[in-house]
Amino acid sequence: MILPTLLPMLMAALALALALNAWRLFKGPALTDRILALDTLYINALTLLVLLGLWQGSKLYFEVAVLIGLLGFIGTVALSKYLLRGEIVE
Amino acid sequence: MNPLLQTLPLWAEIVAAVLLLIGTAFALVGSWGLAKLGDFYKRLHGPSKATTLGAGCVLAASALLFAMIGTPSFHELLVVMFLFITAPVSAHLLVKVALKQDPTARPPLPPWASILRRAQHSPLERDVSPRTPAPVPQAPPD
């Protein structure tokens, strides 16, 4: 009976991690800092969704996790390519 | 709380709890490093290594628990593989962007870089430094 007491604490710790990422996202002096904060934010949100799926015993959250992983990576690459070249689709 | 999770054997619960703790600790430390460190190139370390490893540990625990309940799923494996492939790519792209945006903020070379530079200019390697043209042999005076 470890998990029912452990899972809410872990979700709280991940919420703290999300708050730290959001702080860097709003503060970050350079554009690259903000992109990096977004990158970390989506990975942490994915982890939080997996914990939520464990808590509720639902597999729907894993589909959402796959989608977040794909779209987050595409977003990071698109932003970086835009800053590198000035256009996304070359 | 999922009632199926109450029927697990103790060892599976302990292993999953340890994996979840390690994963969340890594994610938290990575985010803390992203918020705390002073330079972009230092800040890149936290998310690109620690947070990815944290997500991997949590997903491994989830795969173990769902396999123990009796409904194994391969989505966790898919997500872990995708994350481990894409994290270095995005970190590399971000470093390229940072070097292009502000080339003066490039961190200084480590102290052993002079050894590397000397090794690059060793006669074994191709020498790219401009050299003085070889003296043209003059015809001996009569």
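Scoring rules and cut-offs
- Residues numbered from 1 in each chain as written.
- Chains lettered and ligands numbered in written order.
- Predicted model: local features only at pLDDT ≥ 70, side-chain atom pairs only at ≥ 80, totals over all residues.
- Heavy atoms only, no water.
- Helix = DSSP H or I, 4+ residues; strand = E, 2+ residues; numbered from the N terminus.
- Rg over C-alpha atoms; globule rule 2.2 N^0.38 Å.
- Buried < 20%, exposed > 50% of the residue type's maximum accessible area, 1.4 Å probe, protein only.
- Contact = heavy atoms within 4.5 Å.
- Buried area = accessible area lost by both parts, 1.4 Å probe.
- Salt bridge = Lys/Arg side-chain N within 4 Å of Asp/Glu carboxyl O.
- Polar contact = N/O pair within 3.5 Å; in protein donor to acceptor, adjacent residues only side chain to side chain.
- Core = buried A, V, L, I, M, F, W, Y, C linked by side-chain atoms within 4.5 Å.
- 1 Å grid on protein atoms, 1.4 Å probe; cavity = no way out; pocket = protein on both sides within 12 Å on 5 of 7 lines; lining within 4 Å.
- Points joined across faces, edges and corners; volume = space filled by probe spheres on them.
- Nonpolar A, V, L, I, M, F, W, Y, C, P; charged D, E, K, R; others polar.
- Axes fitted to C-alpha atoms, helices over the stretch in contact; angles between N-to-C directions.
- Parallel < 35°, antiparallel > 145°, perpendicular 65-115°, else oblique.

Focus on the overall build of chain A
Tallying secondary structure elements over chain A gives three helices and zero strands in all. The N-to-C order of helical and strand elements in chain A reads α-α-α. Its C-alpha atoms give chain A a radius of gyration of 16 Å, more than 25% over the compact-globule value 12 Å for 90 residues. With the C-alpha coordinates aligned to their principal axes, the bounding extent of chain A is approximately 55 × 30 × 10 Å. Looking at chain A residue by residue over its 90 residues, the buried ones come to 43%. Summarising the internal contacts of chain A: among those between residues at least 6 apart in sequence, 51% fall at separations of at least 24.

Thoughts on the interface of chain B and chain A
Between chain B and chain A, the contact holds 50 residues from the first and 50 residues from the second. With both sides pooled, the region where chain B packs onto chain A buries about 4,500 Å², and carbon together with sulfur makes up 78% of that total. Run the count over chain B and chain A and you get one salt bridge. A salt bridge links Asp 33 of chain A to Arg 43 of chain B; the nearest nitrogen and oxygen atoms lie 2.4 Å apart. Connecting chain B to chain A are 10 residue pairs in polar contact (both at pLDDT 80 or more).

Some thoughts on the nonpolar core
Core analysis: the largest hydrophobic core is formed by 32 residues, its most contacted members being Leu 51 of chain A together with Leu 20, Leu 65 and Val 79 of chain B. Breaking this core down by element, the ones donating at least two residues are α1 (3-27), α2 (31-56) and α3 (60-85) of chain A together with α1 (10-36), α3 (45-69) and α4 (75-101) of chain B. When residues of this core are assigned to their parent elements, the largest contribution, seven residues, is made by α1 of chain A. Leu 36 and Ala 37 of chain A together with Phe 40 and Leu 93 of chain B belong to the second-largest nonpolar core, a separate cluster that totals 14 residues.

A short note on the layout of surface pockets
Empty space among the atoms becomes apparent when a probe as large as a water molecule is rolled across them. Within this model, the largest pocket holds a volume of roughly 190 Å³. For the largest pocket, the lining is made up of 14 residues, of which Ala 30 and Thr 32 of chain A together with Phe 40, Asp 102 and Ala 105 of chain B are closest to its centre. At the level of secondary structure, the elements contributing two or more residues to the lining of the largest pocket comprise α2 of chain A together with α2 (40-43) and α4 of chain B. Looking at the lining of the largest pocket, its residues break down into seven nonpolar, three polar and four charged.

Topic: empty space enclosed by the protein
According to the stated counting rule, one finds one cavity of 30 Å³ or more in the structure shown. Taken as a whole, the largest cavity spans an internal volume of roughly 50 Å³. Among the secondary structure elements, those contributing two or more residues to the lining of the largest cavity are α2 of chain A together with α3 and α4 of chain B.

A short note on the packing of α2 of chain A against α4 of chain B
The axes of two packed helices give the description: the angle between them and the distance between them. Between α2 of chain A and α4 of chain B, the shortest axis-to-axis distance is 10 Å and the interhelical angle comes to 170 degrees. Taken as axis vectors, α2 of chain A and α4 of chain B run roughly antiparallel relative to one another. Across the interface between the two elements, Leu 31, Thr 32, Ile 35, Leu 36, Asp 39, Ile 43 and Leu 46 of chain A of α2 of chain A pack against Val 79, Leu 83, Ser 90, Leu 94, Val 97, Ala 98 and Gln 101 of chain B of α4 of chain B. Among the residues making up the contact of α2 of chain A with α4 of chain B, the classes are represented as 10 nonpolar, three polar and one charged.

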